[in-house]
Amino acid sequence: MPDPVDVDLALLGGGGAASLVLAALDRHGVRNLRVAVVDPVHRRGQDRTWAFWGLPGDDLEPLLSARWPRVEVVTLAARRTLDLAPLRYAMLRSGPVYRRAAEAEGRLGAIRVHAAVDDVRDDGHRVLVRAADGSTVRADWVLDSRPRPPARAGRTTWLQHFRGWWLTADTATFDPARAVLMDFRTPQPARGVSFGYLLPVTDRYALVEYTEFSPDLLTGGGYDAALAGYRDLLGLDPSRLTVREVENGVIPMTDAPFPTRPSPRVVRLGTAGGATRPSTGFTFSAMYRQADQVARALAAGRPPLPEPAYPRRHRWMDAVALRALDRGSVDGPGFFDGLFARNPAQRVLRFLDGATTPAEELAVMRSTPLLPMVAATAGDAAHRLRDRLRPARPAPPVPPAVRAGTPPRP
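Just so you know, these numbers come straight off a predicted model, no measurement behind them.

Chemist: Quick question: what am I supposed to make of the side chain of S367 here?
Modeler: By the secondary structure assignment, S367 is in the loop between α8 (358–366) and α9 (370–389). Taking the relative accessible area as the measure of exposure, S367 reaches 4% and is therefore buried. With near-sequence residues (within four places) excluded, S367 lies in contact with G338, L339, R342 and N343.

Chemist: What exactly am I supposed to notice about the packing of helix α1 (residues 16–27) against helix α4 (residues 284–299) here?
Modeler: Each pair of packed helices can be described by the angle between their axes along with the distance between the axes. Relative to each other, α1 and α4 sit at 40°, their axes nearing to 8 Å. Put simply, α1 runs oblique to α4. α4 is crossed by α1, and the crossing has right-handed handedness. Of the residues in α4, those touching α1 at G16, A17, L20, V21, A24, L25 and R27 are F284, M287, Y288, A291, D292, V294, A295 and L298. The residue makeup of the contact of α1 with α4, split by class, is 12 nonpolar, one polar and two charged.

Chemist: In this structure, what is going on with the pairing of strand β6 (residues 79–83)? I would like to understand it.
Modeler: On a regular strand, one side chain projects to one face of the sheet and the next to the other, so that they alternate. Inspection of the sheet shows strand β5 (residues 70–74) paired to β6 by five bridges, in the antiparallel sense. When the sheet's bridge partners are listed, R70 is paired in β6 with D83. Turn length for the β5-β6 hairpin, with the two strands adjacent in sequence and antiparallel, is four residues.

Chemist: Would you mind going over the nonpolar core with me for this structure?
Modeler: In summary, soluble globular proteins display a tendency toward joint burial of nonpolar side chains. If you look at the biggest cluster of nonpolar residues, it comprises 42 residues, and the most contacted ones within it are L84, Y89, L199, F335 and F336. For this core, the leading source of residues is helix α5 (residues 312–326), giving six residues. With sequence-adjacent residues up to four places away left out, L199 is seen in contact with A51, W68, Y89, M91, A179, V180, A206 and L207. Counting 36 residues, the second largest nonpolar core, distinct from the first, contains L25, L63, A90 and A104.

Chemist: Honestly, empty space enclosed by the protein in this entry has me stumped. Any pointers?
Modeler: To locate leftover empty space, one rolls a probe as large as a water molecule over the atoms. Inspection of every chain in the model, using the stated rule, returns two cavities of 30 Å³ or more. Approximately 70 Å³ is the volume found for the largest cavity. Among the secondary structure elements, those contributing two or more residues to the lining of the largest cavity are β13 (179–183) and α6 (332–341). Here the lining of the largest cavity is composed, by residue class, of eight nonpolar, one polar and no charged. Of the voids in this model, the second largest cavity is the one considered here, and its volume is about 50 Å³. Forming the boundary of the second largest cavity are S19, L20, A23, D59, L60, L63, V97, R100 and A101. Every element with two or more residues in the lining of the second largest cavity is listed here: α1 and α2 (94–108). Of the residues belonging to the lining of the second largest cavity, the class tally is six nonpolar, one polar and two charged.

Chemist: Please explain the sheet that holds strand β3 (residues 49–54) as it appears in this structure.
Modeler: The pairing of strands in a sheet happens through backbone hydrogen bonds and is either parallel or antiparallel. Spatial strand order, β3-β7-β4: three strands in an open sheet with antiparallel pairing. Edge positions in the open sheet fall to β3 and β4 (66–68), since each of these has one partner strand only. Here the average twist between neighbouring strands, direction ignored, is 20°. For β4 and strand β7 (residues 88–93), the ladder comprises three bridges, and the chain directions are antiparallel. The residue bridging A66 from the neighbouring strand is M91, located in β7. Each of β3 and β7 touches α2; the most contacted strand, β7, lies at about 70° to it.

Chemist: Help me understand α4, please; the structure alone is not making it clear to me.
Modeler: Along an α-helix, residues three or four apart share an orientation, since each turn contains 3.6 residues. Across its 16 residues, α4 extends 23 Å between first and last C-alpha, which sits within 8% of the 22 Å expected from 1.5 Å per residue. Across the 16 residues that make up α4, a large majority, 12, are buried. Residues F284, S285, A286, M287, Y288, Q290, A291, D292, V294, A295, A297 and L298 constitute the buried set of α4. For α4, the elements touching its buried residues are β1 (5–12), α1, β3, β7 and β11 (136–144). Residue G301 follows α4 closely and has a positive phi angle near 80°.

Rules used throughout
- Residues numbered from 1 in each chain as written.
- Predicted model: local features only at pLDDT ≥ 70, side-chain atom pairs only at ≥ 80, totals over all residues.
- Heavy atoms only, no water.
- Helix = DSSP H or I, 4+ residues; strand = E, 2+ residues; numbered from the N terminus.
- Buried < 20%, exposed > 50% of the residue type's maximum accessible area, 1.4 Å probe, protein only.
- Contact = heavy atoms within 4.5 Å.
- Axes fitted to C-alpha atoms, helices over the stretch in contact; angles between N-to-C directions.
- Parallel < 35°, antiparallel > 145°, perpendicular 65-115°, else oblique.
- Left-handed = near helix turned anticlockwise from the far one by under 90°.
- Nonpolar A, V, L, I, M, F, W, Y, C, P; charged D, E, K, R; others polar.
- Pairing = 2+ DSSP bridges.
- Core = buried A, V, L, I, M, F, W, Y, C linked by side-chain atoms within 4.5 Å.
- 1 Å grid on protein atoms, 1.4 Å probe; cavity = no way out; pocket = protein on both sides within 12 Å on 5 of 7 lines; lining within 4 Å.
- Points joined across faces, edges and corners; volume = space filled by probe spheres on them.
- Expected span 1.5 Å × (residues − 1).

Here it is as C-alpha cells:
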C-alpha cells in the first residue's frame, strides 16, 4: 500500500453536500487547511435541481436560475397565492454549484481522489480512508455525505419520488412570475399523496414535475403518464413543447434515525446526516446550514460538528404526521392545504425549516385535524415502546430512481 496522504479534512462524496462545504470554506476565508475529496464521479453539469426558500442576498444569489416572491398552492377547492416576503422561493441547478465548488477546491489546494471509498477506519485520533484505486488518505476529520440507510427501520417509511420535464415552448407560454409550489389536483394514490408543480424560468422554459409521497415507486411509463396528465391539466399544448431534459429522483421520508456521528472523527452530512425533513423530503436548506456551520467551526479552530438538522420536537412531529398520512387517518392534500390556509406562509416555511418557536408550532399543530393527530400520537408512542422491547430491524435500502430516456416530441 502507498503511504497515506495526510490531510486535516477529508470529504467522502462530492455531490451537493460536499460542494456546499467547499464553497463555505472558501466563503469564510479558511486557508492553510489540508483538504482531500474522495469521490469516483467528476461532478459537473445539470444533474439535479434544488428548490428552497430563504432571504435574498446570500452567496447563492448569483447562482440561482430563478426566484419567485409569490407561489401558488392549488387544490380541487381553492387556488391560494402565498406572498413569501421577506422570503423568496428559489431554484438552484447543480451546474453552478459544482463550478463554485471547483473554484473553491482550487483556491484551497484540495487533493482529489477519483475513486470510490473502500474502507474507513477511525481510531479516535485519525481516520484512515482506503480508496478503490489503492490510494489512502489519513485525516483528522472526515465528512461523509455518501448515501447511507438509517441505523434501523423506521416506524413509517415512505419515499418522495418524482420525475420532471424541462420544457421549452415555441411561443411565450409560461409566466415567469408565477410558480406553483404544490398542485394537488393530480390523481391521488391509494396510499400516499401526489402533486405537481410548475417552476418557470422564462416565458418559454420551465420545469414541470410530478411528485409522490408514498411507499413504492412507479414504473417509467407510470411517471410519464402522470406527467403528461399534469401537463394537460395545466392547459399546455404538447405539440408546442419539447422535452429538453428529464430529472428523476428518490428521497427517503422516514422517522428512522440517521446517526450523524458514527465514530469519533467521522461526521455525516446531507441525507445521511439527517438533513432530509421526514414529512416533506426537503433537504437543501438544512444541507446548506450544515455546510455553513462546518466552515464556521473550522475557521474558528473548532471541530467540524454541525448542529442537528432539525430540533428533536420537530422530528417527533414529523413521525406523527407521517403515521397519520400512512394510516390514511388524514387526507394528504387537505393536510398540506390546511397548513397554508390557516397560517401565514412565512410561519409554515419556517416550520418546515425547523426554525419556529414552540408557540408557533402550537399554532401550526392547531391547523391540523385534531382527533386523527391525537390518535397518531398515541399510536406512535405505543410503537416506540414496542421498538424498545424487540430487536432493531434493519432499514430497507432506498431504491434507485426509475430512469427513462427523453420522451419524443408529439
